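A closer look at the structure
One letter stands for each residue in the lines below.
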Amino acid sequence: MDIGHVIIYAIIPILVVMLAGYISGKRGAFNGEDSKKFNKVVLVYALPAALFVSIAKSNRHMLVEDIKLSIVSVVGIMACFMAVYFIFLWCFRKNQPNPQSCAAVSALISGSPTIGFLGFAVLEPIFDATIGLTKVALVVAIIGIVVNAIGIPVGLSLLNSGIAKADPSHKGQAWWKPVVHALAQPVAWAPILATIWVIIGIPWPDWASPSFDLIKGANASMAVFSAGITLSSLKITINWQAILGSILKMIMMPAVILILCLLFKMDYYNILMTVVACALPPAFSGIIIADEYDVYTAIGTSSLTLSVILFMGFCPLWIIISKACMEAHLFGWHGLIPT
C-alpha cells in the first residue's frame, strides 16, 4: 500500500464528492435541512445495514482477534474525549457564559472521529483489496459503538449538567437517558446484534446479502455528499478555539491511539486502520447536538471545517508515521510487516 494509492483512491474521491455537495448547497439545490434528511438515511438505514451484514459474515475467531482493538478504542478514544473536555474547560473557562456545556460540546466534536459518515468512505478503498471488507467493517463497528454508545451519552450528560448549573431552574436530564437513547439507535444496536449473531454461531446465508447490499451501497457516497452540503450551510470563523480543537483531534487522538496499538502489539493492518479511523475529522453528530442545544455551534463548525481540510494531508501522514513506528519496532512492537 503506497501513499499514492491512498491519495488517489481515498482522499481525492472524498474531496470531489464533498465538493459536489458543497457546490450544490451554495447554488441552492440543497440546504441544511436536506443534509439532515440525507444524514438520517445514512445513520438509520445505510450504515446499520453495512455494519450488520459485514460483521455477520465474520466468525468467532475474528471477533476474538479484535478484543485488543475494542480495548484500545474504548480507552484511547474516551481518554482523548475527556482530555478535550478538561482542556477546553480550563483554557476557555472565562471566555464562555457556560464553560461546562461548551467544553462538553467541544468533546463531542473534537473528541470523537466521524466514523459513521466517513469510516467506510476512507477505510474501504485503502484496505478492502488487501484484507477484505469484513475486517474493515469490524474496525468501523467497534469504533462506531464507542463513539455512539459511550461518547455521546457521556457528552450529553456533561452538557445537561452544565446547563443545570448555569440555570438552576433547569432540571438536568437523568444520566442514564442518553445511554438508553444512544443504544436505541440502529447505528448502535445493529453491530451489537450482528456480534451476538456471530457469537451464537449462526451462519450467514449468502442469499440474504443482496437485500442489505443495495442500501448499504449508499452509505459512503451519501454521507460524504451530505457533509459537503452541511459545510456549505454553516458560517465559518477560524479562531484559537477552532484551531485548538483541530490540533487535539488531528494530532493528539491519532498519536494516543498509535501508542496504545503498539503497546498492545496489535496486528499490522488493525493498527493502520485504527489510526486512520481515529484521524478522521471530528464527529458530525457533535455539530448536530450543538445546533440542537444552541451551544458552541459557530466555533465547533469552524473546527470541524478546518479539520476536514487538514485531514487531506494528515491521513497519508499518519499512515507513514504508523508504518515507520512499526518498522522501528517502537514500544517493543514485533509483528509481521507485509512486504
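1. Quick look at the packing of aromatic side chains
Applying the stated criterion across every chain, the model contains nine aromatic pairs. With a centroid separation of 5.4 Å and an interplanar angle of 70°, the aromatic rings of Phe 30 and Phe 38 are classed as edge-to-face. Geometrically, the ring pair formed by Phe 52 and Phe 212 is stacked, given 5.7 Å between the ring centres and 20° between the ring planes. One end of the pair, Phe 52, is in helix H2 (residues 32–56); the other, Phe 212, is in helix H10 (residues 209–216), and 160 residues separate them in sequence. Classification of Phe 212 by relative accessible area gives partly exposed; the value is 25%. Put simply, the rings of Phe 52, Trp 197, Trp 204 and Phe 212 touch in pairs and so form one group of aromatic residues.

2. Structural notes on a nonpolar patch on the surface
A grouping of Val 64, Ile 67, Ile 71, Val 74, Val 75, Ile 259, Leu 263, Phe 264, Leu 330 and Phe 331 is seen on the molecular surface, where their side chains present a nonpolar patch of about 810 Å² in accessible area. Broken down by secondary-structure element, the contributors of at least two residues to the nonpolar patch are helix H4 (67–91) and helix H12 (240–263). A total of four residues in the nonpolar patch trace back to one element, the largest contributor, which is H4. Secondary-structure assignment places Leu 263 in helix H12.

3. Side note on unusual backbone geometry
Here the phi dihedral of His 329 falls at roughly 55°; this positive angle occurs in a residue that is not glycine. The backbone of Phe 331 shows a phi angle near 60°, a positive value even though the residue is not glycine. Along the polypeptide, Phe 331 turns up in the segment after helix H15 (297–327). Under the relative-accessibility criterion, Phe 331 is labelled partly exposed at 40%.

4. Overview of the environment of Ser 246
Tracing the sequence through the fold places Ser 246 in helix H12. Judged by relative accessible area, which is 1%, Ser 246 ranks as buried. C-alpha separation for the pair Ser 246 and Ser 110, spaced 136 residues apart in sequence, amounts to 6.8 Å. Those residues within four positions of Ser 246 in sequence are excluded, and the remaining contacts are Ile 251, Ser 303, Leu 306, Ser 307 and Leu 310. Separated by 3.1 Å, the side chains of Ser 246 and Ser 307 make a polar contact.

Quick notes on the rules
Residues numbered from 1 in each chain as written. Predicted model: local features only at pLDDT ≥ 70, side-chain atom pairs only at ≥ 80, totals over all residues. Heavy atoms only, no water. Phe/Tyr/Trp six-rings, centres within 6.5 Å; stacked < 30°, edge-to-face > 60°. Helix = DSSP H or I, 4+ residues; strand = E, 2+ residues; numbered from the N terminus. Buried < 20%, exposed > 50% of the residue type's maximum accessible area, 1.4 Å probe, protein only. Patch = residues over 30% accessible without salt bridge, like charges linked within 9 Å, V, L, I, M, F, W, Y side chains within 5 Å. Areas by Shrake-Rupley, 256 points an atom, 1.4 Å probe, with all protein chains shown as cover. Salt bridge = Lys/Arg side-chain N within 4 Å of Asp/Glu carboxyl O. Contact = heavy atoms within 4.5 Å. Polar contact = N/O pair within 3.5 Å; in protein donor to acceptor, adjacent residues only side chain to side chain.

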